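What follows is the residue order along each chain.
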Amino acid sequence: MKNRFAFLIPYIGLIIAASAAFSMSTLFSSVKPVLLTQFMNEVGFKAGLAGWLVAAPFIGISLATFVVAKLLERYSYRRIISYAGLLLVACQIGNSLFFSYAISTLLLQLFSGISVGVLMGITSSFIARSNSAGTLFGLVDMIGVLLMSFMVAGASMATEKSGVAGGFIFSAILSAVFWLAMFVYKHKAVDRVESQSAPELENTAFNISLRPVIIIIMGVLFVTFSGQGFAFMFTIATNLGMTFEQSGNSIGLILFVSAFACLIGGMCSTRFGPEKPLFCAFVVCAIGWTVAINSPSPTIFLMGLFPAICALQFCFPVLLSLAGTLDNEGKWAAVATPLLTSGFAWAAVLSGQVVEVWGVQALATSTQIGMLLCILLLGLSVFLSVSQRVNTSTEIDGV
């Protein structure tokens, strides 16, 4: 057992730093549903505007994709995390003071997300260049989700006691803790070990082609549509008679258990390939959210919520691993990480618009449509992969 995990020893510092960075993203996810509900109840914002406010950090994360490489070329790891972390904490403190002003909150949330995107992008680039990228991504993702289960409960209690301000203060404190944890990692050349599995990879260069684009679009759509119900799960729970504390504790427990779906997803992907596990998860996600959103009681709501959230946790490392097979330097995986995370932003925006126009129950239909689109894109990806292998085999036979 000791030898089995010995390969992780050189990456302990990176695992801690990346887990802290990913946990900042899951912190946004943790406070998103409670802040969305509280923005509407306490401040009086409409669902659409509230959706944009809680989505802004994830939009910022996706925008950070375009600056991470430039920053790494010019500045050291320590200097980058120093400024990015300081900006994040300052923005969250500012949000606790000015949350009633939509414009300032939107800008502060956007800059918070850019900060986290930079931190995630830097650690993801180091992981992607290691020879254990798939395992490290799965482990880091699982740690982030495990911590998220506690953060949801904490955010719901802080918001219930101190409203929106309490939610942002809670976020600022945890952001500071995660930021300090990132200083444990010292950037060394060990993270640039040449991959031993290069022959298994499909491409040897970062070439933009149809299949990688389809895979990333599929991943973003999955996170977007599966995250719609997540954005309004506290609203649904409140409508069923649950308090913030009750729903926070119950949802926190579900998130804790669902974290292990990350490892299960990685194991299933290794054994069966990514396509079959993804197809099953898409179907389970659609069924789970349909039950949860249309539930007549808290018990049925939680019974539907559990498989729906597990499907999301299950798919994330599978999608990252699938992206990692597209080149031999992990560049597609590094690009996919913030882009997949941006799906949480579009989930909040889309769900806010759907609820404002058609009501909460319409989220079930929207999720079903989204999962159908994901299945169609998955089928197209498989078709392109098979066609590519056939063409390659034909060329070899021709030679």
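Structure: above.
Cut-offs applied
- Residues numbered from 1 in each chain as written.
- Predicted model: local features only at pLDDT ≥ 70, side-chain atom pairs only at ≥ 80, totals over all residues.
- Heavy atoms only, no water.
- Helix = DSSP H or I, 4+ residues; strand = E, 2+ residues; numbered from the N terminus.
- Buried < 20%, exposed > 50% of the residue type's maximum accessible area, 1.4 Å probe, protein only.
- Contact = heavy atoms within 4.5 Å.
- Areas by Shrake-Rupley, 256 points an atom, 1.4 Å probe, with all protein chains shown as cover.
- 1 Å grid on protein atoms, 1.4 Å probe; cavity = no way out; pocket = protein on both sides within 12 Å on 5 of 7 lines; lining within 4 Å.
- Points joined across faces, edges and corners; volume = space filled by probe spheres on them.
- Expected span 1.5 Å × (residues − 1).
- Nonpolar A, V, L, I, M, F, W, Y, C, P; charged D, E, K, R; others polar.
- Axes fitted to C-alpha atoms, helices over the stretch in contact; angles between N-to-C directions.
- Parallel < 35°, antiparallel > 145°, perpendicular 65-115°, else oblique.
- Left-handed = near helix turned anticlockwise from the far one by under 90°.
- Disulfide = S-S within 2.5 Å.
- Core = buried A, V, L, I, M, F, W, Y, C linked by side-chain atoms within 4.5 Å.
- Patch = residues over 30% accessible without salt bridge, like charges linked within 9 Å, V, L, I, M, F, W, Y side chains within 5 Å.
- Salt bridge = Lys/Arg side-chain N within 4 Å of Asp/Glu carboxyl O.
- Bend = angle between axes of the 7 residues up to and from the residue.

> What am I meant to see in the overall build of the chain here?
Per the secondary structure count, the chain includes 16 helices and zero strands. A burial count over the chain gives 56% of its 399 residues as buried. Contacts spanning at least 24 positions in sequence make up 84% of the contacts within the chain whose residues lie at least 6 apart. By element, 69% of the accessible surface of the chain is carried by carbon and sulfur atoms, the whole surface being about 16,800 Å².

> Hey, could you run me through the layout of surface pockets in this one?
Over the atoms rolls a probe the size of a water molecule, and in doing so it shows where empty space is left. Within this model, the second largest pocket holds a volume of roughly 200 Å³. Along its surface, the second largest pocket is lined by Val 67, Leu 71, Tyr 75, Arg 79, Ile 80, Tyr 83, Ala 84, Leu 87, Ile 114, Ser 115 and Val 118.

> Would you mind showing me how to read helix α15 (residues 343-358) here?
Since the α-helix turns once every 3.6 residues, residues separated by three or four places project in the same direction. The end-to-end C-alpha distance of α15 is 21 Å, a good match for the 22 Å that 16 residues give at a rise of 1.5 Å each. Of the residues making up α15, those classed as buried are Gly 343, Phe 344, Ala 345, Ala 347, Ala 348, Val 349, Ser 351, Gly 352, Val 354 and Val 355.

> How should I be thinking about the environment of Leu 380 in this particular structure?
Relative to the helices and strands, Leu 380 resides in helix α16 (residues 362-398). Sequence-wise, Leu 380 and Ile 214 are 166 residues apart; in three dimensions their C-alpha atoms are separated by 8.0 Å.

> Looking at this structure, how should I read empty space enclosed by the protein?
A complete count under the given rule lists two cavities of 30 Å³ or more for this structure. Lining the largest cavity are 15 residues, with Thr 26, Asp 141, Gln 313, Phe 316 and Phe 344 sitting closest to its centre. Every element with two or more residues in the lining of the largest cavity is listed here: α1 (12-43), α6 (133-181) and α13 (298-324). Grouping the amino acids of the lining of the largest cavity by side-chain chemistry returns eight nonpolar, six polar and one charged. Considering only enclosed or pocket space, the second largest cavity measures out at about 60 Å³ in volume. Contributing to the lining of the second largest cavity are Phe 28, Val 31, Lys 32, Leu 35, Val 54, Pro 57, Gln 92, Gln 109 and Phe 168. Elements represented by at least two residues in the lining of the second largest cavity include exactly α1 and α2 (47-63). The leading source of residues in the lining of the second largest cavity is α1, at four residues. Across the lining of the second largest cavity, the residue classes tally to six nonpolar, two polar and one charged.

> Sorry, what's going on with the environment of Val 54 here?
By secondary structure assignment, the location of Val 54 is in helix α2. Separated by 291 residues in the primary sequence, Val 54 and Ala 345 have C-alpha atoms spaced 7.5 Å apart.

> Help me understand the packing of α1 against α2 in this model?
The geometry of a pair of packed helices is captured by two quantities: the angle between their axes and the separation between those axes. Where α1 meets α2, the axes come as close as 8 Å, and the angle between the chain directions of the two elements is 165°. With respect to each other, α1 and α2 are oriented roughly antiparallel. Note on packing geometry: the crossing formed by α1 with α2 is right-handed. Touching Ser 25, Phe 28, Ser 29, Lys 32, Leu 35, Leu 36, Phe 39 and Met 40 of α1 are Ala 47, Ala 50, Gly 51, Leu 53, Val 54, Pro 57, Phe 58 and Ile 61, all from α2.

> I would appreciate a short explanation of the state of the cysteines in the present structure.
Here a disulfide denotes a covalent bond joining the sulfur atom of one cysteine to the sulfur atom of another. This model, assessed by the stated rule, comprises zero disulfides. Cys 280 supplies the cysteine sulfur nearest to Cys 268, a cysteine that is in no disulfide, at a spacing of 8.8 Å. On the basis of relative accessible area, Cys 268 is assigned to the partly exposed category, the value being 22%.

> Explain the nonpolar core to me, please; I cannot follow it from the model alone.
One recurring pattern in soluble globular proteins: nonpolar side chains tend to sit buried together. If you look at the biggest cluster of nonpolar residues, it comprises 126 residues, and the most contacted ones within it are Phe 39, Met 218, Phe 222, Leu 278 and Phe 282. Tallying contributions element by element places α6 first for this core, with 19 residues. Once residues lying within four places of it in the same chain are set aside, the contact partners of Leu 278 are Met 218, Cys 315, Val 318, Leu 319, Leu 322 and Leu 378.

> Looking at this model, I keep getting lost on a nonpolar patch on the surface. Mind explaining?
Together, Phe 150, Leu 253, Phe 256, Val 257, Phe 260 and Phe 306 make up a nonpolar patch on the protein surface, roughly 570 Å² of accessible area in all. Sorting elements by how many residues they give to the nonpolar patch places helix α10 (residues 244-258) first, with three residues. Within the secondary structure, Phe 256 sits in helix α10. Judged by relative accessible area, which is 32%, Phe 256 ranks as partly exposed.

> What's the story with the packing of α10 against helix α11 (residues 260-272) in this structure? I'm lost.
Where α10 contacts α11, the two axes come as close as 5 Å, and the packing angle between them is 30°. Looking at the two axes, α10 sits roughly parallel to α11. On α11, the residues that touch Phe 256, Val 257 and Ser 258 of α10 are Phe 260, Ala 261 and Cys 262. Class assignment for the residues of the contact of α10 with α11 results in five nonpolar, one polar and no charged.

> Please clarify how the environment of Gly 60 should be interpreted in this entry.
In this structure, Gly 60 sits in helix α2. On the basis of relative accessibility, which here comes to 0%, the residue Gly 60 falls in the buried class. The sequence separation of Gly 60 and Ser 115 amounts to 55 residues, and the corresponding C-alpha distance is 7.8 Å. Filtering out sequence-adjacent residues up to four positions away, Gly 60 remains in contact with Leu 110, Gly 113 and Ile 114.

> Any chance you could explain α1 here in plain terms?
Taking 1.5 Å as the rise per residue, α1 with 32 residues should run 46 Å; its terminal C-alpha atoms sit 43 Å apart, in good agreement. If you look at α1, its biggest bend is around 35°, right at Lys 32, and the proline Pro 33 turns up within four residues after that. Taken from the residues just after α1, Gly 44 is the one with a positive phi, measuring 90°.

Geometric values such as these leave the question of function open.
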